[in-house]
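Structural overview
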Amino acid sequence: MWIDNFRHPDRVLTNLSSFLRRFELWVLAFQKVSTDETGAYTPRSAIQRSQLEDLLALRNAVLDGKFKWGARLKFFIKSPKDKIDYDSLSKRKIKAVLTTTQPAPFQDKIVQEVLLMILEPIYEARFSQKSYAFRPGRTPHTALRVIRRSFAGYLWYIKGDLSSLLDGMKVGFVINALMRDVRDKLIVDLLKAALVTPVVTTKVDDREKKKKKSRKYQKKRVLAEDEPKPDPYWLDTFFGFAPEEAEKVPDFGHCGILSPLLANICLDELDRWMEGKIKEFYVPSKSDVIWNSKEGEVEQGNTSWPEFVPTSGPDKTRKMDYIRYGGHILIGVRGPRADAATLRKQLIDFCDQRFMIKLDNESLPIEHITKGIMFLDHVLCRRVVYPTLRYTATGGKIISEKGVGTLLSVTASLKQCIKQFRKLSFLKGDRDPDPQPCFRMFHATQAHTNAQMNKFLSTMVEWYRYADNRKKIVNFCSYIIRGSLAKLYAAKYKLRSRAKVYKIGSRNLSRPLKERKGQSPEYQNLLRMGLAESIDGLQYTRMSLIPEADYSPFPSNWIPDHEKSLLEYIKLEDPKTLEEQQDFIKEHGLVSPQDYVSMLVWNYKKNALPMDQLSLFKNNESVTGNQHLLLDSNQDDHDHVSKEEENDGRMNAAEM
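Residues numbered from 1 in each chain as written. Predicted model: local features only at pLDDT ≥ 70, side-chain atom pairs only at ≥ 80, totals over all residues. Heavy atoms only, no water.

- You'll find the chain entered in an unreviewed UniProt entry as Domain X domain-containing protein, with Lupinus luteus given as the organism.

Quick notes on the sheet that holds strand β4 (residues 366–368)
- The strand order across the open sheet formed by 4 strands is β2-β3-β1-β4, and the pairing between neighbours is antiparallel. Edge positions in the open sheet fall to β2 (319–325) and β4, since each of these has one partner strand only. Ignoring strand direction, the axes of neighbouring strands in this sheet form an average angle of 20°.
- Bridge count for β2 against strand β3 (residues 328–334) is 7 bridges, and the pairing is antiparallel. Note that in β3 the partner of M320 across the bridge is V333. (Pairing = 2+ DSSP bridges. Helix = DSSP H or I, 4+ residues; strand = E, 2+ residues; numbered from the N terminus. Axes fitted to C-alpha atoms, helices over the stretch in contact; angles between N-to-C directions.)

Things to note about the confidence of the model for the chain
- For the chain, the average pLDDT comes to 80, and 79% of its residues sit at 70 or higher.
- No element of the chain has a lower mean pLDDT than helix α11 (residues 206–210), at 48, and none a higher one than helix α6 (residues 106–124), at 93.
- Counting interchain partners and residues more than four positions distant, the pLDDT-below-50 stretch residues 289–311 has 53 contacts.
- Ignoring residues within four places in sequence, the model shows residues 626–631, a span with pLDDT below 50, making 0 contacts including any to other chains. (pLDDT = per-residue confidence, 0-100. Contact = heavy atoms within 4.5 Å.)

Looking at the pairing of β3
- Among the 7 residues that make up β3, 7 are buried, leaving the element largely enclosed by the rest of the structure.
- Every second residue of β3 is oriented toward a common face, with H328, L330, G332 and R334 on one face and I329, I331 and V333 on the other, all of them buried.
- Sheet analysis places strand β1 (residues 156–161) next to β3, joined by 6 bridges and oriented antiparallel. Residue K159 lies in a different strand from β3, and its bridge partner there is L330.
- Adjacent in sequence and paired antiparallel, β2 and β3 are bridged by 2 residues, among which G326 carries a positive phi angle near 65°. (Buried < 20%, exposed > 50% of the residue type's maximum accessible area, 1.4 Å probe, protein only.)

With respect to helix α7 (residues 140–150)
- Among the 11 residues that make up α7, 8 are buried, leaving the element largely enclosed by the rest of the structure.
- Three or more residues of α7 are buried, namely P140, H141, T142, A143, L144, R145, V146 and I147.

Observations concerning the environment of E563
- Mapping E563 onto the fold places it in helix α21 (residues 561–573).
- Given the relative accessible area of 2%, E563 is considered buried.
- Between the C-alpha atoms of E563 and F6, which are 557 residues apart in sequence, the distance is 8.5 Å.
- With residues near it in sequence (within four places) discarded, E563 still touches F6, E124, Q129, R135 and R138.
- Within the structure, the side chain of E563 is placed 3.2 Å from the side chain of R138, a separation counted as a polar contact. (Polar contact = N/O pair within 3.5 Å; in protein donor to acceptor, adjacent residues only side chain to side chain.)

Focus on the packing of helix α3 (residues 23–38) against α6
- For the pair α3 and α6, interaxial distance at closest approach is 9 Å and the crossing angle is 125°. One way to sum up the angle between α3 and α6 is to call them oblique. Crossing of α3 over α6 shows right-handed handedness. Here α3 contributes L25, W26, L28, A29, F30, K32, V33, S34 and E37 to the contact with α6, which in turn contributes F106, K109, I110, V111, E113, V114, M117 and I118. (Parallel < 35°, antiparallel > 145°, perpendicular 65-115°, else oblique. Left-handed = near helix turned anticlockwise from the far one by under 90°.)

Here it is in structure tokens:
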């Protein structure tokens, strides 16, 4: 499907039901959902026969139109961890199941996975290259690198939040957007039913929220083998640092994991409209060496330093670019502010006509680069630099002088980082942040706590990989986490202050803080004998240990690796490509490996043919010679026998 759709990205698909009939897709979807449910991968050999039969019944129900989204009591297939006998439930429990919010049924997730495997390759071949959220091979890092590569030189920025559009999306609009490329009745009806079927939600009273229940003592429970394990603390903590643009995931009815794909399908029309506006807005200038080619696709001059012309007068190149991450858009404009205002008005009219959403100037503010634009928890700003320019004057004299230029700086927001830490109760205060003890890890050992925080720090280092202030922001995160753990250990081991903790446990908290009773051996001796647990110290306790920001170059027309492989495979399969390669080889007087091997084989056969005939002739002569010898020996034997018979006859006659 991936190859066919990338080979013909513009065709309308009318027959997808054949893919729904393929049972291997359903088995693969069952494996994926079971892995999410149980927390462990389910190999195909571990699937029981009864589960395969139930999975087959679910597939047949979907094909026959008997499948209902959001079923609460009757299931074609149940989750491996669901041990409830729904036939023996009381009326009160049945009423509670039907009226309270429940997680999505297991069978719904399987159907969603199958539909995603069918629809994703269709639309990935059609989506714009300007969208980066909820798509394979594209991450927030990709968006930040594209901004650093393509948005340098833009003075005015329009930032907008279209999440309200996704929240109030009507069913008819979603179906119409889907049917532009997919017109299979079974698929469309299945998705329409998922959008129309109401989702049962429980209303929570404000009084119940205010009531604080007394915390009861709970005995520590050991998890079963097939029971899903809770998320690691470091991963759960890092998800609290999710940027505002990625924090909210679209959710359409019972579509579940299909909702992000449907959101991209609906907003793809906006991406295409903006691509047209980019071409329409582009006005090159001969006096500007930055973008003076057709549509600005091939830049001239030093593309990594496009701010050599920081002004935006009428004699300069006018250009704009656009990027979308989920429901959040960012538009950069190089030109006068009036052009940005005109574009904003056109964007408001387009959203009103196409999406029936009312936007205003406040929801789409126009900001100058000097104020700093926040996007994906990074601030886009302009930094003035004074490079040394060296050039050769007349007479071969080398002249060095100071120049002035500006660079686009992608900087991690320290204010946003403090806000996220405060939300997770790691610190308090804004101007002078003070770390707070991480009491959630109170009952864990020192080695386990340090290991969890090291994983968290490694993840933070990777998240701020492309930030210009990577060292500074990671050093701040390390300070907060180290101070939080020091306060935790001070409370846990009854030490008076953080200074006492650092004195005993060292700067990176790698030494054991638990007091040794009696004349017990030293920690190093216990560690050598294997009687003590090894404690890893905290990482990045000094700024010199933090890696530098990644400034690796990013290609202008970047596409993910899987799309690149697909396009290369399709190109190699094209007979025109083979003809072009053969013509090129002939023009340059070269020989392809296939032709060279064919020539070797043909020469071998041509030279070996007379030798084969000669050897065959010799073999024939030897065979005929052997036949003559055999005939002669047979004749001699026959003469010898006849003579003996004749002598025997004479002797018999004499006796008579």
